[in-house]
Amino acid sequence: MEAGRRARGRFAIPAGLPAFSICLVAEAVGQLAAWAAMAQAEFRRRPVAALSGETRIVGAAAPGDILDLGVEIESCDADAVAYRGWARVADTLVLEAGQCVGPMLPLEDFDAPEAVRGDFETLRGPGARPSRFPGITAPDLSLIERIPGQRLRAIMQVPGSAPFFGDHFPRRPVFPASLLLDAQIRLAMRLAGETLPAGQRLRPARVTDLKMRSFILPGHDVEIEAGMRSETHEAAELTLAAMVDGKRVATGRMEIVSQGPE
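These numbers were taken from a predicted model, which means no experiment stands behind them.

Caption draft 1: Spatial organisation of the overall build of the protein chain. For the protein chain, the helix and strand inventory stands at three helices and twelve strands. For a compact globule of 262 residues, the expected C-alpha radius of gyration is about 18 Å, and the protein chain comes in at 18 Å, within 12% of that figure. Dimensions of the protein chain along its principal axes, counting C-alpha atoms only, are 50 × 40 × 35 Å. Considering the protein chain as a whole, with its 262 residues, one finds that 44% of them fall into the buried category.

Caption draft 2: Structural view of the packing of helix α1 (residues 22–40) against helix α2 (residues 113–124). Interaxial distance between α1 and α2 falls to 11 Å at its minimum, and their mutual angle equals 120 degrees. Considering their axes alone, α1 and α2 lie oblique with respect to each other. Helix-helix and strand crossings are classified by hand; for α1 and α2 the assignment is left-handed. Residues Trp 35, Met 38 and Ala 39 of α1 form the contact with α2, whose participating residues are Val 116, Asp 119, Phe 120 and Leu 123. Residue composition of the contact of α1 with α2, grouped by class: six nonpolar, no polar and one charged.

Caption draft 3: Structural context of the packing of α1 against helix α3 (residues 177–195). One can describe the packing of α1 onto α3 by two numbers: an axis separation of 9 Å at closest approach and a directional angle of 155 degrees. Looking at the two axes, α1 sits roughly antiparallel to α3. For the pair α1 and α3, the sense of crossing is right-handed. On α3, the residues that touch Cys 23, Leu 24 and Glu 27 of α1 are Ser 178, Leu 179, Leu 181, Asp 182 and Ile 185. Considering only residue class, the contact of α1 with α3 consists of five nonpolar, one polar and two charged.

Caption draft 4: Fine view of the pairing of strand β6 (residues 92–106). Relative to β6, strand β2 (residues 45–47) is paired through three bridges, and the arrangement is antiparallel. Paired with Arg 45 across the two strands is Pro 106, which belongs to β6. Relative to β6, strand β3 (residues 51–57) runs antiparallel, the two being bridged by six bridges. Within β6, the position partnered with Glu 54 by the bridge is Gly 98. Relative to β6, strand β5 (residues 80–89) runs antiparallel, the two being bridged by nine bridges.

Caption draft 5: Highlighting the packing of aromatic side chains. Overall, the coordinates contain nine aromatic pairs when judged by the stated rule. Relative to Phe 169, the ring of Phe 110 lies with its centre 5.1 Å away and its plane at 70 degrees, an arrangement referred to as edge-to-face. Residue Phe 110 is found in the loop between β6 and α2, and its partner Phe 169 is found in the loop between β8 (151–157) and α3; the two are separated by 59 residues along the sequence. Taken together, the ring pairs in this structure connect Phe 11, Phe 20 and Phe 133 into an aromatic cluster.

Caption draft 6: Geometry of unusual backbone geometry. Note that the residue after His 168, namely Phe 169, is joined by a cis bond; omega there is 5 degrees. The phi dihedral of Asp 91 is positive, around 70 degrees, even though this residue is not glycine. Assessed through its relative accessible area of 72%, Asp 91 is described here as exposed.

Caption draft 7: Summary view of α3. For α3, with 19 residues, the first-to-last C-alpha span of 27 Å sits near the 27 Å given by 1.5 Å per residue. Buried residues of α3: Ser 178, Leu 179, Leu 180, Leu 181, Asp 182, Ala 183, Gln 184, Ile 185, Leu 187, Ala 188, Leu 191 and Ala 192, and no others.

Caption draft 8: Expanded view of the pattern of salt bridges. A full pass over the atoms with the stated rule returns 18 salt bridges. When the shortest N-O distance is used, the salt bridge between Glu 2 and Arg 5 registers 3.5 Å. According to the relative accessible area criterion, Glu 2 is partly exposed, its value standing at 34%. Residue class for Arg 5 comes out partly exposed when judged on its relative accessible area of 48%. The salt bridge partner of Arg 253 is Glu 237, with a shortest N-O separation of 4.0 Å. Taken as a pair, Arg 253 in strand β12 (residues 247–261) and Glu 237 in strand β11 (residues 235–244) lie far apart in primary sequence, 16 residues in all. We classify Arg 253 as partly exposed; its relative accessible area is 32%.

Caption draft 9: Examining the nonpolar core more closely. Membership of the largest hydrophobic core comes to 65 residues, with the highest contact counts inside it found for Leu 67, Phe 175, Leu 180 and Val 222. Here this core gets ten residues from one element, more than from any other, and that element is α1. Among the nonpolar cores identified, the runner-up in size contains eight residues, and Trp 35, Met 38, Ala 39 and Phe 43 belong to it.

Rules used in this analysis
- As a convention, each chain's residues are numbered from 1 in the sequence order in which they are written.
- This being a predicted model, a pLDDT of at least 70 is required before a residue's local features are given, and a value of 80 or more before pairs of side-chain atoms are given or counted; all residues contribute to the totals for chains, interfaces and linings.
- The side-chain numbers reported here are obtained from all heavy atoms of the structure, hydrogens and water having been left aside.
- The way it works is that DSSP assigns letters per residue, a run of H or I at least four long becomes a helix, a run of E at least two long becomes a strand, and they are numbered from the N terminus.
- For the radius of gyration, the atoms used are the C-alpha atoms, and the globule rule reads 2.2 Å times the number of residues raised to 0.38.
- For every residue, the accessible area obtained with a 1.4 Å probe (protein chains only) is divided by the maximum for its type, and the residue is called buried under 20%, exposed over 50%, and partly exposed between those limits.
- All axes here are fitted lines through C-alpha atoms, helices being fitted over the stretch that makes contact, and every angle between N-to-C directions spans 0 to 180 degrees.
- Here roughly perpendicular refers to angles of 65 to 115 degrees, roughly parallel to angles under 35, roughly antiparallel to angles over 145, and oblique to all remaining angles.
- Crossings are assigned a handedness: left-handed for a near helix turned anticlockwise from the far helix by less than a right angle, right-handed for a clockwise turn.
- Here, residues are in contact when the closest pair of their heavy atoms is within 4.5 Å.
- Three classes are used, and their members are as follows: Ala, Val, Leu, Ile, Met, Phe, Trp, Tyr, Cys and Pro are nonpolar, Asp, Glu, Lys and Arg are charged, and the others, Gly among them, are polar.
- Two strands are said to pair when DSSP picks up at least two bridges between them.
- Each pair of aromatic rings taken from Phe, Tyr and Trp, with Trp reduced to its six-membered ring, is defined by centres within 6.5 Å and is described as stacked if the planes are under 30 degrees apart, edge-to-face if over 60, and tilted in the remaining cases.
- Expected span of a helix: the number of residues minus one, times 1.5 Å.
- When a carboxyl oxygen of Asp or Glu lies within 4 Å of a side-chain nitrogen of Lys or Arg, that pair is called a salt bridge.
- To qualify as a nonpolar core, a set must consist of buried Ala, Val, Leu, Ile, Met, Phe, Trp, Tyr and Cys residues joined through side-chain atoms within 4.5 Å.

Rendered as structure tokens:
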């Protein structure tokens, strides 16, 4: 750890989980960057997710795997942190994120600074308790519009309470951007599966221009949309959007590619 410059970390994915979303890999990279930024700010300020220029998904992580994580801080001050980062499993690149920017906000609005400082010392020392992470149940999506080959829209109900709000964040619960992205990818994969030639194994390959415009709170009903921009026999480019009460809260683009016949 070099506060405000770079950090390396390791996360042991509990073997007993039924699955581990690639979006949680991105969450782990973002959290590592947050620790480096908070340490630089002497735990007076913390970053929140806002912009991600490009995230390349080149592999997968499974329960029981060890994630090796790295971030390089490109700039960090009282207003914002900019960074790039990556995750590997057994020296194999799984995810690479670049052009990421998070505004720095008062830490005490989200958590008790002394508690966060204590967690930081634990992570730099013995590490968190093994298998502390119990997994997350992804919120269900209810389809509300389907235009074949063009667009899917669905409603996601954010739970009013959930264990992850205890970490994200104790004083100001916020639905994690990584879980929103997980829901958007699920919807986009469904649209691509209906549009690309049948019988192909599809995977998300790249997410670009991802912007979080405002917080999503417990109990919110979020309208999620995936739209088809272009497609070939082997790939599709889609737009992503999310709205709460008619207000757009997130936008982005993603690419889904074929891995060949099933």
